[in-house]
Structures are given as structure tokens and as C-alpha cells.
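Spelled out from the first residue to the last, the chains are:
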Amino acid sequence: MDVKRIFSGTPATPAELLLRRESRATRQRELLESGCSCLISFTLNIPGAIKQFPLARAAFADGLAQLHFFFKEYMIAEETVELVTGCEAFLTLSLPAKHAKEIAVSVETLHPLGRLFDIDILLPSGQAVSRTDTGLPRRKCFLCGQDAKICGRSRAHSITELQQWIGELLNSYFRDQAAQRCAVQAARAMLTEVSATPKPGLVDRMNSGAHQDMDFFTFLDSSTALSPWFSQMFCVGWDHSDATPQQLFHLLRFVGRQAESAMLLATGGVNTQKGLIFSLGLLCGALGSLHARHFAPPPLNAVLALCGEMGHCACQDFSNSAAATNGLNCYRTYQVAGIRGEAAAGFPSAVMIGLPSLQKLCAAGRSLNDAAAITLMRLLAEVDDTNMIKRGGLETAKRCRKQANDILQDTENISLAALTQLDHQYIQNNLSPGGCADLLAISLMLFFSSLYGLTS
């Protein structure tokens, strides 16, 4: 971890720090005179001259959210400032100071970043309520465990040591938080895809489609087993944000093999979502890598570009691998690149077909279930699905694309009954558009990505 990259910002001069300390004290007195039971003055414990940087702002926002949660019923007024000397918040409360101090100490003690929070509780007289005033122990130094005030006054630890510890804390906290959000969206996409009903030839809530070895509950088991692995792939991207696309691809492939083992263990040896381990794994890894570079959710085009560079690495399998997988056989026989080709191109079918379809249908008032089922048909109508080719041959796959196009002539009023009828036909002919199902899941993850913070 590069501490200098985390602590990147404009240094505050000693004069600026002193002036701000005086200004803060003046504002505290003014707010206390306005009439309140007590005042919260919230800042961060950041050693050194650089007080303002992306992860410091994020930590302050987390701490302020905690204060809002615990004190919202008692808040009279609030002020926040963001200066080169750091972020500050003032909250006037209609709550006894002792009770407020007990809550503040709980936040400082229990929140993962609490050791960085400096939550002072001031009486109307201007006097600060100390921990010992409420019978609570003094704060301990986060490096040696001794009394924090004594360590601070004696300068027992260097700024470098303190920044190293704080940098590691901030980095791991916000990495893990973002990884969890990313994994949740990946799991949500997988679960929404399998839940969408009806889906011709595929496992859904109605039946197992053209699959004899799996059902809806097999996919539930698989999706829950894979969720933590997508979190790990995000972390791999974050921790190796300086790696080349080729290096990152091989790291993700290594984790992907472990994820595949977890999937097979959960399903009793059934391959439910191997394709999604690859495609969603690339997305999660790219998100982690790019997020870590700027400590902010990255733009979608940058994520897709990095996925494309890693996808080109996967396409080397076509010439370097002697394996006889369905995807490789389909490429060797028909020159259809499948999900590797999609990845190398930045998932164009998901971006230009699947995602716009979901957005349009949901905006028109269709349920997410119906939008996903119809979007699957849109993908089937326009994509060469390697699983369809494997099961029915190239000509059958082409006929199915035309049939899907015919069904979609009136997309706005399409009836799911037509999809149910097609489902019976696919089951009878042992056809399953598994490749399009994976593209639907990728489209759904992009659709849900606003909750993660991915920008367009």
C-alpha cells in the first residue's frame, strides 16, 4: 500500500491550522449561545499537514452518517465545513450532554473507523465533557495501546508510523465496503436472471427448462456460494491496481478456478454458472482496480475498456489451449467467439442490447421480471449463442434467432404466453440459450450498478 498516494492533498500550514482552531472555538461559542443542551463538534484525528484527501472525506462522511443515525431525533441545527485543514461538523442537540457523550464514545469505540473520529461534546458553558466525567476510560493510542494523550504530547510515534497505520485502516475499510457492494450487485444479477420467468429452455421459477441436472434451487445454492468470491475478485483488482491487464487477468483466473470449485461443491458437481464466474469476475476485478486508482467509483467506459483488455488475454485460449470446452470447440468449428469475444469487445451485447432493453422496459412500467424475460429474447434474437449451437447446430441456432425476432415485433405489448409456448418447444428440442442467459446477468449487473456508484 502506497501511503503517499492515500495522503495526497494540499498541506495545511501551521498558521492555517492555528487560525482554524481559533475560528472553530469562536463558532462553537456562537452556536452554544443560540440555546441548546449541548453541542457536538466532529473532526477527524489525522496526523501530519495533509488533512484533506479522498479517503479522509469518505471517513468523515461515514462518521457524520453515524451521528445523524444516533442523534437525528435530538438535532436542532447542523453545520459542516470542508477546508484544507480538514472537514468539520457542528450539531446542536436537545439532549443531556452526559447521554450524548456516552453515545459518542460508543461510536468512537465500535465503528471500524472510530479511532479516527474526534467527537467532542460541549456544554453550554463551553466546557468539553471528558470520558472520565462519565466514568469511561481514556482513549488508547492505536499503535501502542497506552494513553493517547500521553503519546500525543510526548510524540512517542512518528508521523510516518501514524500515517502508515491510518492509511492501512482507511484502505482496507473502504476496499472491503466497496467489494461488498460490488458482490451484492453480482449476486443480485445472478438471482434475478434465474428468477425471471418464463425463460425458454432455461432454469426459472416455473421449470428446469432443457436441463435435467439442475433446478431453481441449484442456482440459489450456486449464487450464494459465489457471492464472496466476487468480493474477493474486486479486492484482487483493488490490491493490484498497478498491475497490467494481463497480470490482473491471470490473478482473476486463479481466483476464478477457486470460485468454480466452490460452485461445484455447492451444487453437487453441476456447472450452473461457470460463464458468469468468468464474465462477472472480470467486471468485479476491473471495478476494484479502477476504483482503487482514484478512490471513487469509476466511469463505465473505463471499466468496459479494462474488461476488453483482459478479454483479449482470454482469447489467447483459442490458439494456446488444447482443451475441448464448448466455447473453444464452437470457435474452432464456426469461428463464433462466445463469451471470450464478448469480453474482448467490452461486452457490447450487454451494453448495447441488454442494458438499453432493461432500461426502456422498466421505464415503460414493465416489472423487472417481465423486462428481464423480454430482454433475454432481445439478446437471443441478435447474438450467436454458443450453447444453442452446441445443442442444436448452427442452422437451428439461426432459425431460433429469427423466431425470437418474430416474437419481438411488438415489444411494447409482448405477451409472456408466447415465451411460455417457446419454452415448451425448446424443452422438447433440448435447446437452451445459456450464453444469452449470461449476457442477461451481465446486463442486470450494469442495470443495478447505480447502487454501487458506477457512472455512465
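Above this text you will find the structure in question.
Residues numbered from 1 in each chain as written. Predicted model: local features only at pLDDT ≥ 70, side-chain atom pairs only at ≥ 80, totals over all residues. Heavy atoms only, no water.

S.K.: I'm lost on the sheet that holds strand β1 (residues 38-44) in this one. Help?
M.R.: The strands that make up a sheet are held in pairs by hydrogen bonds between backbone atoms, and each pair lies either parallel or antiparallel. Strand order in the open sheet made by the 4 strands is β2-β3-β1-β4, with antiparallel pairing throughout. Each having just a single partner strand, β2 (75-83) and β4 (117-122) make up the two edges of the open sheet. Averaged over neighbouring strand pairs, the angle between their axes works out to 15° when direction is ignored. Where β2 meets strand β3 (residues 86-93), 8 bridges bridge the pair, whose relative direction is antiparallel. Each bridged residue has a counterpart across the sheet, and for Met75 the counterpart in β3 is Leu93. Against the sheet, helix α2 (residues 14-33) engages β1, β2, β3 and β4, with an angle of about 15° to β3. (Pairing = 2+ DSSP bridges. Helix = DSSP H or I, 4+ residues; strand = E, 2+ residues; numbered from the N terminus. Axes fitted to C-alpha atoms, helices over the stretch in contact; angles between N-to-C directions. Contact = heavy atoms within 4.5 Å.)

S.K.: Which parts of the structure should I look at to understand helix α18 (residues 416-429)?
M.R.: Residues three or four positions apart in an α-helix share a direction because the helix packs 3.6 residues into each turn. Along its 14 residues, α18 runs 20 Å from first to last C-alpha, staying within 8% of the 20 Å computed at 1.5 Å per residue. Within the span of α18, buried status applies to Leu416, Leu419, Leu422, Asp423 and Tyr426. Summarising the axial view, the buried residues of α18 lie within an arc of 115°, below the 170-degree limit, and thus occupy one face. With respect to the buried face of α18, the exposed residues turned more than 90 degrees away are Gln421 and Gln428. Those residues of α18 that are buried lie in contact with α15 (368-382), α16 (386-392) and α17 (394-407). The N-cap residue of α18 is Ser415: its side-chain oxygen and the backbone nitrogen of Ala417 are 3.0 Å apart. Following α18 by one or two positions, Asn430 adopts a phi angle in the positive range, close to 60°. (Expected span 1.5 Å × (residues − 1). Buried < 20%, exposed > 50% of the residue type's maximum accessible area, 1.4 Å probe, protein only. Arc of directions from axis to C-beta. Polar contact = N/O pair within 3.5 Å; in protein donor to acceptor, adjacent residues only side chain to side chain.)

S.K.: Quick question: what am I supposed to make of the pairing of β3 here?
M.R.: Regular strands show a simple pattern: their side chains alternate between the two faces of the sheet. Taking burial as the measure, the 8 residues of β3 include 8 buried ones, the bulk of the element. What you see with β3 is no split at all: Gly86, Glu88, Phe90 and Thr92 on one side and Cys87, Ala89, Leu91 and Leu93 on the other are buried throughout. Turn length for the β2-β3 hairpin, with the two strands adjacent in sequence and antiparallel, is 2 residues.

S.K.: Would you mind showing me how to read the packing of helix α8 (residues 245-267) against helix α10 (residues 300-315) here?
M.R.: Describing two packed helices takes the angle between their axes plus the distance from one axis to the other. One way to put it is that α8 packs onto α10 with a least axis distance of 9 Å and a crossing angle of 70°. Considering the angle they form, α8 stands roughly perpendicular to α10. Contact residues: Pro245, Gln246, Leu248, Phe249, Leu252 and Arg253 in α8; Leu306, Glu309, Met310, Cys313 and Ala314 in α10. Here the contact of α8 with α10 is composed, by residue class, of 8 nonpolar, 1 polar and 2 charged. (Parallel < 35°, antiparallel > 145°, perpendicular 65-115°, else oblique. Nonpolar A, V, L, I, M, F, W, Y, C, P; charged D, E, K, R; others polar.)

Taken by themselves, the reported measurements are silent on function.
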